[in-house]
Amino acid sequence: MSIDHAGLTGISTTAQLGPQVPASPAGSNTVDATSQRPARRYYEISPAESAHTLARIQNQSPATRRVLLRGATVVTMDARLGDLPTADLLIEGSKIVAVGKDLAATSSVDTISVDMAGMILMPGMIDSHRHCWQSAFRRLAVDADLDAYVATTHGGMALHYRPEDMYAGTLAACLGALQSGITTILDFSHNSRSREHSDAVFQAYKDAGIRAVHAAAAPNAGEWDHQWPEDMLRLRDEYCSSGSASSIRMGIDMYRERPVRELLDFARDNGFGVTFDGVHGLGSADEMIQLGSEGYLGPHVSLIHCNDMPDELWQMLAATGTGVTLAPTSDEQIGIADAMPPIQQALDHGIAPSLSVDVEISLAGDMYTQMRCLLATQRMGIAGRRYAGETNPPRMLTNKDVLALATANGAAHVGLGSTAGLLAPGFEADIVALRAEDLATMPLNNAIGTIVQGVDSAAVDTVIVAGSIQKWAGSSLYQGTNALRERIHASRDYLAAQSGWTVDPTQPTGNRKSSFEHLNSYLNARKGH
């Protein structure tokens, strides 16, 4: 069946409305004077005033500070609130407490007002699958196919990673994601060769200030301490306590440390969600159909890629509520199975998927690219069917549909459906403000269209995660950029030397074929019919 429009505007389309802030008593002197006048456009505010406002916010206690974002166009992605041409958003601590017009009356004297007229407020985007550890080699292998990618990463550089390399790559990936408006990332981290490697990764999440879902997985090849999956219990206790911006789930990829059912039983018995990567072709289909028949699939499980899957599996995924995460540019450029993102198969079975970047070693690191790629691919397919004479093809996706895949749907598939992905009372204050009146975007005519088609990282003015500002006035607030440059260059040079490569920005490098037979066998079992 085909899915209707309402089914695509986010899995968590009905927010639980949180407590409303009471209005100030009539005549009381409790309203910030700046909130009594119309909100100014962002380009009318001087750098000095902007810096002063930031300092005021940062000087308040994170747990109790109140910030009122005023006068923006607000894209909530929430079906009950809708999208608001001009509205305010009130943050208290880490939460959104109100969204609506003229919220100044709910603001006490200690509320800091921020004028944002001319901007678009939207939920922070959710990257539902990325391998952050690889970021020291961004764009090294942009022309690699799947065999060359696996040989270069898992059969090459991955073998030599130290904890400090995991830290540098993960930190760079998370900071880059924040720059582009991604506030939550599922880091499919399958190269922790010791407990210390995992500790370094969690430290990177904290230092970056991102909301991270750590999909802990075994390395796919080479020597390691075999601390996984049992070490997931320690990681959860040490790094994922209540109030932390980090959480953890199990990742399963090509290498199986033990039988997959044993891994899934461990995850179930200990309350971990599960994300499978590398799900494509008949080899994966047979495995997933069998697991589904044994009751192992469900909403706590998500599958990445899902290319070239039979109808039987799609029906099973729909019936069990199993999540599907697409990686459009990875499928098409690297060539995963038939190289076609299975968006139409998902929609035909009533499944609204999520979106992901996958690998920066070969691909772009932002979600705008993923949304545009998937939208163009699906609409091209439907247009081709119309042109061929089909009288009742499925409908074309809209720009808002793909924005839902990058926000609310992503949150649901990484286990944060009640936490992130919407701008609504009760949700975490994970917020992005886009400049919609700059040279490349003015005048603002269509907020959704501007987000999906008209911006890139340069248009991202402000990024907030759990009420904490990570980017302000177009600049990252991370203080260690120069030190990170030194770290990541040193890491890249060490790993390249250990891998036998010479990195030359004008010449490609990497491996063409893996020497690990179990990796080659996994890929061969998932190739053509």
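Given the structure is predicted, the values throughout are model-derived calculations rather than measurements. All residue numbers refer to positions counted from 1 along the written sequence of the respective chain. Where local features are concerned, this predicted model is filtered to residues with pLDDT of at least 70; where side-chain atom pairs are given and counted, the filter is 80 or more; whole-chain, interface and lining totals use all residues. Hydrogens and water are ignored here; the side-chain numbers use all heavy atoms of the structure.

(A) Representation of the overall build of the protein within the structure. Elements are defined by DSSP. Helices are runs of H or I of four residues or more, strands are runs of E of two residues or more, and each kind is numbered from the N terminus. Per the secondary structure count, the protein includes 16 helices and 17 strands. Carbon and sulfur atoms provide 51% of the accessible area of the protein, an area that totals close to 20,200 Å². Calculation of accessible area relied on Shrake-Rupley with a 1.4 Å probe; when residues are assessed, cover is drawn exclusively from the protein chains displayed.

(B) View of the packing of helix α3 (residues 163-179) against helix α4 (residues 195-208). α4 packs onto α3 with a crossing angle of 30 degrees between their chain directions and a minimal axis gap of 8 Å. Between α3 and α4, the interaxial angle falls into the category roughly parallel. When you trace α3 past α4, the crossing you get is right-handed. Residues Pro163, Met166, Tyr167, Thr170, Leu171, Cys174, Leu175 and Leu178 of α3 form the contact with α4, whose own contacting residues are Glu196, His197, Ala200, Val201, Gln203, Ala204, Tyr205, Asp207 and Ala208. Per-class residue counts for the contact of α3 with α4 are 12 nonpolar, three polar and two charged. Axes here refer to lines fitted to C-alpha atoms; in helices the fit is confined to the stretch in contact. Angles between the N-to-C directions go from 0 to 180 degrees. By definition in this entry, angles of less than 35 degrees are roughly parallel, angles greater than 145 are roughly antiparallel, angles of 65 to 115 are roughly perpendicular, and the rest are oblique. Crossing handedness is read from the near helix: turned anticlockwise from the far helix by less than a right angle, it gives a left-handed crossing, and turned clockwise, a right-handed one. Contact between two residues is taken to exist if any of their heavy atoms lie within 4.5 Å; hydrogens are not considered. All amino acids are sorted into three groups, where Ala, Val, Leu, Ile, Met, Phe, Trp, Tyr, Cys and Pro are nonpolar, Asp, Glu, Lys and Arg are charged, and the leftover types, Gly among them, are polar.

(C) Main features of helix α8 (residues 311-320). Of the residues making up α8, those classed as buried are Leu313, Trp314, Met316 and Leu317. An end-on view of α8 places all buried positions within 160 degrees of arc, on one side of the element. Contacts from the buried residues of α8 go to α7 (281-293), β11 (301-307), β12 (323-326) and α10 (343-348). Directly beyond the C-terminal end of α8, a positive phi value near 75 degrees is found at Gly321. To sort residues, take the accessible area from a 1.4 Å probe on protein chains only and compare it with the maximum for the residue type: under 20% means buried, over 50% means exposed, and anything in between is partly exposed. Each C-beta atom gives one direction from the helix axis, and the arc is the one those directions make.

(D) Fine view of the sheet that holds β12. Ordered by their spatial adjacency, eight strands build an open sheet running β6-β7-β8-β9-β10-β11-β12-β13, and the pairing between neighbours is parallel. Whereas interior strands pair on both sides, the edge strands pair on one side only; in this sheet they are β6 (125-130) and β13 (354-355). When DSSP finds two or more bridges between two strands, those strands count as paired. Both β12 and β13 contribute to a ladder of two bridges, which runs parallel. Considered in β13, the bridge of Thr325 is made with Ser354. The strands touched by α4 within the sheet are β7 (182-189), β8 (211-216) and β9 (246-252), with β8 carrying the most contacts at an inclination of about 165 degrees.

(E) Highlighting the pattern of salt bridges. A pair is scored as a salt bridge if a Lys or Arg side-chain nitrogen falls within 4 Å of a carboxyl oxygen belonging to Asp or Glu. Inspection of the entire model under this criterion finds 30 salt bridges. Each of Arg37, Arg40, Glu49, Arg70 and Asp115 takes part in one network of salt bridges that share partners.

(F) Summary view of the packing of helix α6 (residues 260-269) against α7. Closest axis-to-axis distance for the α6/α7 pair is 12 Å, and the angle between their directions is 50 degrees. Relative to α7, the element α6 is oriented oblique. As α6 runs across α7, the sense of the crossing is right-handed. For the pair α6 and α7, the contacting residues are Val260, Arg261 and Leu264 in the first and Glu287, Gln290 and Leu291 in the second. Taken together, the residues of the contact of α6 with α7 break down into three nonpolar, one polar and two charged.

(G) Examining the pairing of strand β4 (residues 112-115) more closely. Residues of β4 alternate between two faces, with Ile112 and Val114 on one and Ser113 and Asp115 on the opposite face, all of them buried. In terms of strand pairing, strand β1 (residues 66-75) meets β4 through four bridges, oriented parallel. Within β4, the residue paired with Val67 across the bridge is Ile112.

(H) Broad picture of the nonpolar core. Residues enter a nonpolar core if they are buried and are Ala, Val, Leu, Ile, Met, Phe, Trp, Tyr or Cys, with the set joined through side-chain atoms within 4.5 Å. Of all hydrophobic cores here, the largest spans 118 residues; its most connected members are Phe137, Met250, Phe276, Met371, Leu403 and Leu434. With residues near it in sequence (within four places) discarded, Met371 still touches Met125, Leu355, Val402, Leu403, Ala406 and Val452. Grouped together as the second largest cluster of nonpolar side chains are 25 residues, Ile57, Val67, Leu84 and Leu89 included.

(I) How the structure looks around the packing of aromatic side chains. Pairs were defined over the aromatic rings of Phe, Tyr and Trp, the Trp ring being its six-membered one, requiring ring centres within 6.5 Å. Orientation was assigned from the angle between planes: stacked under 30 degrees, edge-to-face over 60, tilted for the rest. Evaluation of the coordinates by the stated rule reveals six aromatic pairs. Between Phe137 and Trp501, the ring centres sit 5.7 Å apart and the planes meet at 85 degrees, which makes this aromatic pair edge-to-face. Of this pair, Phe137 sits in the loop between β6 and α2 (146-152) while Trp501 sits in the loop between α15 (481-499) and α16 (517-524), and the two are 364 residues apart along the sequence. Ring pairing ties together the aromatic residues Phe202, Tyr205 and Tyr239, which thus form one cluster. Distance and angle both matter: a charge sits over a ring if NZ of Lys or CZ of Arg is within 6 Å of the ring centre and within 35 degrees of the ring normal. When the ring centre of Tyr494 is taken as origin, the NZ or CZ atom of Arg162, which lies over that ring, is 3.6 Å away.

(J) Looking closely at the environment of Ala383. Within the element layout of this structure, Ala383 appears in helix α11 (residues 367-387). With 13 residues separating them in the primary sequence, Ala383 and Met396 have C-alpha atoms 8.2 Å apart.

(K) Molecular detail of the pairing of β12. Across the two faces of β12 the burial is the same, with Gly323 and Thr325 and Val324 and Leu326 all buried. A crossover links β11 with its parallel partner β12, the connecting element being α8, and its sense is right-handed. Clockwise travel from the first strand over the helix to the second, with the strands pointing away from the viewer, marks a crossover as right-handed.

(L) Up close: the environment of Phe266. Assignment of secondary structure puts Phe266 in helix α6. Put simply, Phe266 and Met250 are 16 residues apart on the chain and 9.4 Å apart in space, counted from C-alpha to C-alpha.

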